[in-house]
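A closer look at the structure
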Amino acid sequence: MWRISLWSVRHYWALFAGTFVALALGVALIGVSASALAATWAVPASGGGPSVTLTDGTGTARTLSGGDVDMGGVQSVLAMAGVVSAFVTVFVIAGTCAFGIALRRRDMGLLRLVGAGGPQVRRMVLGESLAVAVPAALVGCALAAVSAPVAVEALDGTGLSPVALRPGPLLWPLVFAAGSGLLMAVLGMLAASRRAARVRPTEALREADLDARTMTAGRGGTGALALVTGAVMVALAPGAGSEAATPLALFGTMALAVAATLLGPVYLPPLLRLMALPLRWADPVAGRLAAESVRTSRRRTASLVGPVLAILSIVGVFTTVLSTTGAATEADDRARTVAQLVVEPARGGALPADVVAAVRADQRVAAVSAPAALEVAVAGPHSVWKEQAAVADPAALARTHRITVVDGSLGPLRPGTVAVSREFADWYGHRAGSTVTYGLFGGEPVEARVVAVLDGGSAVPPLLLPPGARGAAPAPARAAVLLDRGAAGSAREVAADLTARVGADRVRAVPSAEWLGRASTDQDRLNRLVLAVLTVPASLYALIAVAGTLVMAYSRRGREVAGMRMLGVSAAQVRRMALWETLSTSLLGVGIAAAVVTVGARAYRGALTVFGGEAPLRVEWGMLGALTAACVAVGVLVSLAATGRLLRHVSVATVTSRQ
């Protein structure tokens, strides 16, 4: 069967070209992601800074260093990018393999007719997958080897990494990428080969190429399982809290996208018929042909909708979740900020103590909060970890920000006491009166009693420490200033006067709304960088997959086009038919993706809290609009080009000859 596999790949090169390109680019995408992760792992973790030793609840002493380089942020971004790339790659390759087998159903029937058994057909299909997958994996590794150093340098230029990244060894990332690609190809073809082995000779000779048993038990069962899984995850997201809601919303939406694709042959034809009703009136011949084509060729229709649905769903939910998180944080900060001014150093760095004292001494100032942020080590029941903390006065912080006391009492912190945020208390099971063991780097462990659990959003760090714990903590980066009633209405004039009195070369006082707007702009810029790393490579790959699927579909439509030409359909009408087909399938994929993303995004927004209101839903319309336009443009261009090629080569003889 190996010879037949090789002959089949050579003969049906147009069908296998799409699989080859999808697999080669998928391997390259995985290889580049793995190489970038390897570059972050190669960064030395220890920075040689001061350390502290704490004992966790099991009695194990653990030492953490304050000079350690934290690569967790960029590694999380790259890991999410890998998840996006892997999801799109598996989605495309599995769909491409299944579509290729469906297009050759008649050929499988002829093989069965001449005596080939089911196991032989399966071996032939697996041989085809190896004949395509091995060279595709090699080409993908070559592309990854060339692209990985460029990608690492580009990632280093974004500023997401706290230290400079350098390309590392490529051997193991490429081995991982090649192995992943071969595994995906074999598994995709293995699933498709089972269906090919069950083809009956008379059934294949009697039925249409694509319409026979489009909804198998396996496809329907998998689609139903994905639908139930996604629905449960999305339903649980609103009450799960912001941290747990993120994976629930993301993976729940991805499961719904898988379900929508697998169950496509059931619901897509009726929807497309409704969409085609205006076409029947506006363009009776081409519109009717397009409507009947998408109605009868259900598997082809689902395969054309699938890539558009997949990439828009995954990009849409990731961008919406990240943007909505930023929008909710910004809205919460604005709602909680009572202080009218923010005072910060003119040239960056820390705010000197004499400046804070001078601001407090001003008669127009009612309260000043200036938390000094620092990193501490915290001991838990089973581990020791780093946590963000601040040396601050909770009472002053509660005057400049709207803070709710969830448990305990609000007042100045004394040595041996701490206040914790509501999120920290919920996550680690603390309450007023419980004990927290922490340590400053370069110091000794401290056992402190929790006197208050505070709900203050980003204004309250996980741990608030008393002034005596300052130690090696830096000075505050900024101060929030609450003005008295007489000066509150002229905040901008007071800001200018404070800046002039303290020294414009030392500090800058600005209205809180202006400062929050500038901080939001900086955060939005960082979010866009993260979104670019997450989605751009996978989006480009998906666009190529859309083109490959269309090429595969049109490679088997020569007889169909020739039959229409023989019956008197003009070349212009055939082209318009292809245009209407592509537009309807692409736009339907966009609509379904929008519905899936809306469900996931609304569930995620329900888990976010904003003081005194509802979390806003922010959508990256520019990015999603550009991706939608690209999907439609690629589909239209490829379909028209493929139709033109068929029109140039088909003849009446094609109708009576076997493809």
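Criteria and thresholds
- Residues numbered from 1 in each chain as written.
- Predicted model: local features only at pLDDT ≥ 70, side-chain atom pairs only at ≥ 80, totals over all residues.
- Heavy atoms only, no water.
- Helix = DSSP H or I, 4+ residues; strand = E, 2+ residues; numbered from the N terminus.
- Contact = heavy atoms within 4.5 Å.
- Areas by Shrake-Rupley, 256 points an atom, 1.4 Å probe, with all protein chains shown as cover.
- Buried < 20%, exposed > 50% of the residue type's maximum accessible area, 1.4 Å probe, protein only.
- Pairing = 2+ DSSP bridges.
- Core = buried A, V, L, I, M, F, W, Y, C linked by side-chain atoms within 4.5 Å.
- pLDDT = per-residue confidence, 0-100.
- Axes fitted to C-alpha atoms, helices over the stretch in contact; angles between N-to-C directions.
- Parallel < 35°, antiparallel > 145°, perpendicular 65-115°, else oblique.
- Left-handed = near helix turned anticlockwise from the far one by under 90°.
- Nonpolar A, V, L, I, M, F, W, Y, C, P; charged D, E, K, R; others polar.

This part is about the overall build of the protein chain. The secondary structure content of the protein chain amounts to 22 helices and 13 strands. A sequence separation of at least 24 residues applies to 83% of the contacts in the protein chain between residues at least 6 apart. By element, 63% of the accessible surface of the protein chain is carried by carbon and sulfur atoms, the whole surface being about 28600 Å².

Counting buried positions along strand β12 (residues 479-483) gives five out of five residues, so the element sits mostly inside the fold. Neither face of β12 is open: one carries A479, V481 and L483, the other A480 and L482, and all of them are buried. Here strand β3 (residues 341-345) runs beside β12; their pairing, made up of three bridges, is antiparallel. Within β12, the residue paired with L341 across the bridge is V481. Sheet topology places strand β4 (residues 365-369) next to β12; four bridges connect them, and they run antiparallel. In the sheet register, V365 faces β12, and the bridge partner there is L483.

Glancing now at the nonpolar core. Ranked by internal contacts, the top residues of the largest apolar core, which has 110 residues, are V88, I311, I314 and F318. By residue number, the principal contributor to this core is helix α12 (residues 298-336), which donates 14 residues. Aside from chain neighbours lying at most four places away, what touches V88 is I311, I314, A538, Y541 and A542. Judged by nonpolar contacts, the second largest core, of 20 residues, contains V355, V365, L483 and A491.

Okay, the confidence of the model for the protein chain next. Confidence along the protein chain averages 82 in pLDDT terms, with 87% of residues attaining 70 or more. Between residues 206-210, whose pLDDT stays under 50, and residues either more than four places distant or in other chains, the model counts 12 contacts. Low pLDDT (under 50) marks residues 652-659, which in the prediction has 16 contacts with non-local residues, meaning those over four places away or in another chain.

Quick look at the packing of helix α11 (residues 284-296) against helix α20 (residues 571-607) now. Axes are the key here: two packed helices are described by the angle between their axes and the distance separating the axes. With their axes 8 Å apart at the nearest point, α11 and α20 run at an angle of 50 degrees to one another. Considering the angle they form, α11 stands oblique to α20. Where α11 crosses over α20, the handedness of that crossing is right-handed. Across from V285, A286, G287, L289, A290, S293 and V294 in α11, the residues of α20 making contact are Q573, R576, M577, W580, E581, S584 and T585. Counted by class, the contact of α11 with α20 contains seven nonpolar, five polar and two charged residues.

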